[in-house]
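Observations on chain architecture
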Amino acid sequence: MQLTASLRSALVAGAAATALFTGAAGAVAAPAAPSAAAGAPATVHSPYGQLRPLAVLSAERLATADLVAAAKWGTGGPVDDPAREQEVLRAVAEQARQLGADPEVTVRFFRDQIEANKIVQRGLHRAWDEDPGRAPTERPDLGQVRREINRINHELVQALADSPQARSAPYCAPLLTVAAVRVRHERHLDALHTSALARSLRSVCG
């Protein structure tokens, strides 16, 4: 299942009353409606409790894209880094195998994470090109940023390994939508990061 443009629009607007996943059975209540998660308390053992960490950690990973963009800004280097991407995919596939999780599902999910990260990087670079006054004045240590990304990756693989039932259930899409919209509100995500969050989660439910 994929997050559709409807969900992206709902996230940007901060109201997911009609947000849909492709193939989802129906609309999802806005995060302000407590009944949306009724019967699915945010405990680690509940379906919602299993899916929420994927949205939270994906948003946390997206925050590092700002630092990566700043590290690359003005260097003339491309956003795409195939060698680094393959390194990440090999590492998460191996961790998935060690956890008894599906490496192919894990790699597919992380391809989405990588593409979402690049959406943010490209969006920020365009914004800084258009308004150099908004561009960063300091360059983060890319090695340090990547260590933080590796930490988040490790937690994301664990979250995937902990949620196979919730991710394969018919209610995955509605619950993940609720989680994503709530994370959007909690982190006050702008349109760029909201769109990237939707991209990062599109293969969670299957």
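Look up a bit, the structure's there.
Everything quoted here is computed from the prediction, not taken from an experiment.

Quick word on the pattern of salt bridges
For the structure on display, the rule yields 13 salt bridges. Among the salt bridges present, the one from Arg84 reaches Glu87, with a minimum N-O distance of 3.6 Å. With Arg84 and Glu87 both in helix 3 (residues 82-99) and three residues apart, the pair spans about one turn of that helix. Here the residues in one salt-bridge network are Asp80, Glu85, Glu115, Lys118 and Arg122, joined through shared partners.

Considering the packing of aromatic side chains
The description of two aromatic rings rests on the distance between their centres and on the angle between their planes. Summed over all chains, the structure comprises two aromatic pairs. Ring geometry for Trp73 against Trp128: centres 5.4 Å apart, planes inclined by 75°, an arrangement best described as edge-to-face. Taken as a pair, Trp73 in the loop between helix 2 (47-72) and helix 3 and Trp128 in helix 4 (residues 103-130) lie far apart in primary sequence, 55 residues in all. Judged by its relative accessible area of 8%, Trp128 is buried.

Conventions we followed
Throughout, residues of each chain are indexed from 1 in the direction in which the sequence is written. Restriction of local features to residues with pLDDT of at least 70 applies here, the model being predicted, together with a cutoff of 80 or more for giving and counting side-chain atom pairs; totals for whole chains, interfaces and linings are based on all residues. Hydrogens and water are ignored here; the side-chain numbers use all heavy atoms of the structure. Definition used for salt bridges: Asp or Glu carboxyl oxygen within 4 Å of a side-chain nitrogen of Lys or Arg. Only DSSP runs of H or I with at least four residues qualify as helices, and only runs of E with at least two residues qualify as strands; both kinds are numbered from the N terminus onward. In this scheme Phe, Tyr and Trp rings, the latter by its six-membered ring, pair at centre separations within 6.5 Å, and the angle between planes marks the pair as stacked below 30 degrees, edge-to-face above 60, and tilted otherwise. Only protein chains enter the area calculation, which uses a 1.4 Å probe; residues under 20% of their type maximum are buried, those over 50% are exposed, and those in between are partly exposed.

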